[in-house]
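Report on the structure
Letter by letter, the chains look like this.
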Amino acid sequence: MKRFENFRFWSVRFLLLLTFLSYYFLMVLTHFDKVEAYANPLQPFKGSVYFVGTNLYAGPYPDPAALERLQRHNGIRRVVSVLNPETPFVRELVLSEAEACRRLGMEYIVLPDAETPELAGALTPSKVKTYVHGYFMTSGFSRMVREVATHSVK
């Protein structure tokens, strides 16, 4: 009988603790833009920035500090994002990036469908140094950016 009372005593407390922890976990996920820069387990897989062609760079999602570095070291003046702001967690990232670009005086374009002619127009060679990104910088994304950029030249 004593064992059963201990189980009831601790199981109720464990469920309460689990409820509170899940609330905090959900709260953290709804503000993913704040957490992403500091506690992102996928950070090592995001890749790095690549020079694609005439004033065109491609890479992973940049946090505000990375945007400042891109502007200072590479002279980036335009950011093109292919993230879809309709996705709940991505919406926070897009809003955060838009605010950082506004603060730095950079042009910010969101084109969630990577196959659109607008993306080809945004990636045409110009005098404005452009950084295009998805969330990850994969070889497929890099190849897609190269293909869109070369087709827009023709």
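From a predicted model like this one, the values you see are computed outputs, not experimental measurements.

Our focus in this paragraph is the packing of helix α3 (residues 64–74) against helix α4 (residues 88–104). Packed helices, taken two at a time, are described by their axes: the angle between them and the distance between them. It is at 10 Å that the axes of α3 and α4 come closest, and there the two elements cross at 40°. Here α3 runs over α4; the crossing is right-handed. Contact residues: α3 offers Pro64, Leu67, Glu68 and Gln71, while α4 offers Ser96, Glu97, Ala100, Cys101, Arg103 and Leu104. A per-class count over the contact of α3 with α4 returns 5 nonpolar, 2 polar and 3 charged.

Before going further, it helps to spend a moment on the pairing of strand β4 (residues 107–110). With 4 bridges connecting them, strand β3 (residues 78–81) and β4 associate as parallel partners. Residue pairing in the sheet places valine 80 in a bridge with isoleucine 109 of β4.

A separate point is the sheet that holds strand β2 (residues 56–59). Strand order in this open sheet of 5 strands is β1-β2-β5-β3-β4, and the pairing throughout is mixed. Every other strand in the sheet has two partners, leaving β1 (50–53) and β4 as the edge strands with one partner each. With strand direction ignored, the average angle separating the axes of adjacent strands in the sheet is 25°. This element, α4, spans β3, β4 and β5 (130–133) of the sheet and lies at about 160° to β4.

Moving on: the packing of aromatic side chains. For any two aromatic rings, the description comes down to two numbers: the centre-to-centre distance and the angle of the planes. Enumeration over the complete set of coordinates arrives at 2 aromatic pairs. Ring geometry for phenylalanine 9 and tryptophan 10: centres 4.9 Å apart, planes at 90°, overall edge-to-face. The partly exposed category is assigned to phenylalanine 9, whose relative accessible area is 35%. Looking at tryptophan 10, the relative accessible area reads 55%, which means it is exposed. Between phenylalanine 51 and tyrosine 57, the ring centres sit 5.3 Å apart and the planes meet at 70°, which makes this aromatic pair edge-to-face.

Cut-offs and rules
- Residues numbered from 1 in each chain as written.
- Predicted model: local features only at pLDDT ≥ 70, side-chain atom pairs only at ≥ 80, totals over all residues.
- Heavy atoms only, no water.
- Axes fitted to C-alpha atoms, helices over the stretch in contact; angles between N-to-C directions.
- Helix = DSSP H or I, 4+ residues; strand = E, 2+ residues; numbered from the N terminus.
- Left-handed = near helix turned anticlockwise from the far one by under 90°.
- Contact = heavy atoms within 4.5 Å.
- Nonpolar A, V, L, I, M, F, W, Y, C, P; charged D, E, K, R; others polar.
- Pairing = 2+ DSSP bridges.
- Phe/Tyr/Trp six-rings, centres within 6.5 Å; stacked < 30°, edge-to-face > 60°.
- Buried < 20%, exposed > 50% of the residue type's maximum accessible area, 1.4 Å probe, protein only.

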